[in-house]
Amino acid sequence: MSGGVVNLRQARKARARDAKRAEADANAAKHGRTKQQRAREEVDAARARAHLDGHERTPE
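This structure is a prediction, so every number in the text was calculated from the model and none was measured.

1. A look at the overall build of the protein chain
- Scanning the protein chain for helices and strands turns up 2 helices and 0 strands.
- Here the protein chain has a C-alpha radius of gyration of 25 Å; the compact-globule value for 60 residues is 10 Å, and the former is much larger.
- Each principal axis of the C-alpha atoms in the protein chain carries an extent, and together these give about 85 × 30 × 15 Å.
- Surface exposure of the protein chain reaches about 6,100 Å², of which carbon and sulfur atoms provide 53%.
- Each charge class in the protein chain was averaged separately, 15 positive and 9 negative side chains, and the resulting centres sit 15 Å apart.

2. A look at a positive patch on the surface
- Where like charges cluster on the molecular surface, the positive patch consists of R9, R12, K13, R15 and R17.
- Among the structural elements, K13 can be located in helix α1 (residues 8-31).

3. Remarks on the pattern of salt bridges
- Taken as a whole and judged by the stated rule, the model has 4 salt bridges.
- Two residues, D44 and R40, come together in a salt bridge whose shortest N-O distance is 3.6 Å. In this pair, D44 and R40 both sit in helix α2 (residues 35-54), 4 residues apart, roughly one turn of the helix.
- Across the pair R47 and D44 runs a salt bridge whose closest N-O atoms are separated by 3.5 Å.

4. A word on α1
- With 24 residues, α1 extends 34 Å from end C-alpha to end C-alpha; this agrees with the ideal 34 Å at 1.5 Å per step.
- N-capping of α1 is provided by N7, with a side-chain oxygen placed 3.0 Å from the backbone N of R9.

5. Points about the environment of E42
- By the secondary structure assignment, E42 is in helix α2.
- Residue E42 is classed as exposed on the basis of its relative accessible area of 60%.
- Sequence separation of E42 and H55 is 13 residues, and the distance between their C-alpha atoms is 20 Å.

Definitions and limits used
- Residues numbered from 1 in each chain as written.
- Predicted model: local features only at pLDDT ≥ 70, side-chain atom pairs only at ≥ 80, totals over all residues.
- Heavy atoms only, no water.
- Helix = DSSP H or I, 4+ residues; strand = E, 2+ residues; numbered from the N terminus.
- Rg over C-alpha atoms; globule rule 2.2 N^0.38 Å.
- Areas by Shrake-Rupley, 256 points an atom, 1.4 Å probe, with all protein chains shown as cover.
- Lys, Arg positive; Asp, Glu negative; His and termini not counted.
- Charge placed at Lys NZ, Arg CZ, Asp CG, Glu CD.
- Patch = residues over 30% accessible without salt bridge, like charges linked within 9 Å, V, L, I, M, F, W, Y side chains within 5 Å.
- Salt bridge = Lys/Arg side-chain N within 4 Å of Asp/Glu carboxyl O.
- Expected span 1.5 Å × (residues − 1).
- Polar contact = N/O pair within 3.5 Å; in protein donor to acceptor, adjacent residues only side chain to side chain.
- Buried < 20%, exposed > 50% of the residue type's maximum accessible area, 1.4 Å probe, protein only.

Here it is in structure tokens:
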């Protein structure tokens, strides 16, 4: 049979903790950026905006 007694309540809570930890890790990878990375992305976005605005055609 089984190797030992399993407390189902503890097993359920452990499984829930593991699921939350996995979701938190995924969110950190998706949204977690350093201050330097955020600043760099902001500078890149501003540069791209300025580039597009510089090529805008004036209405006739």
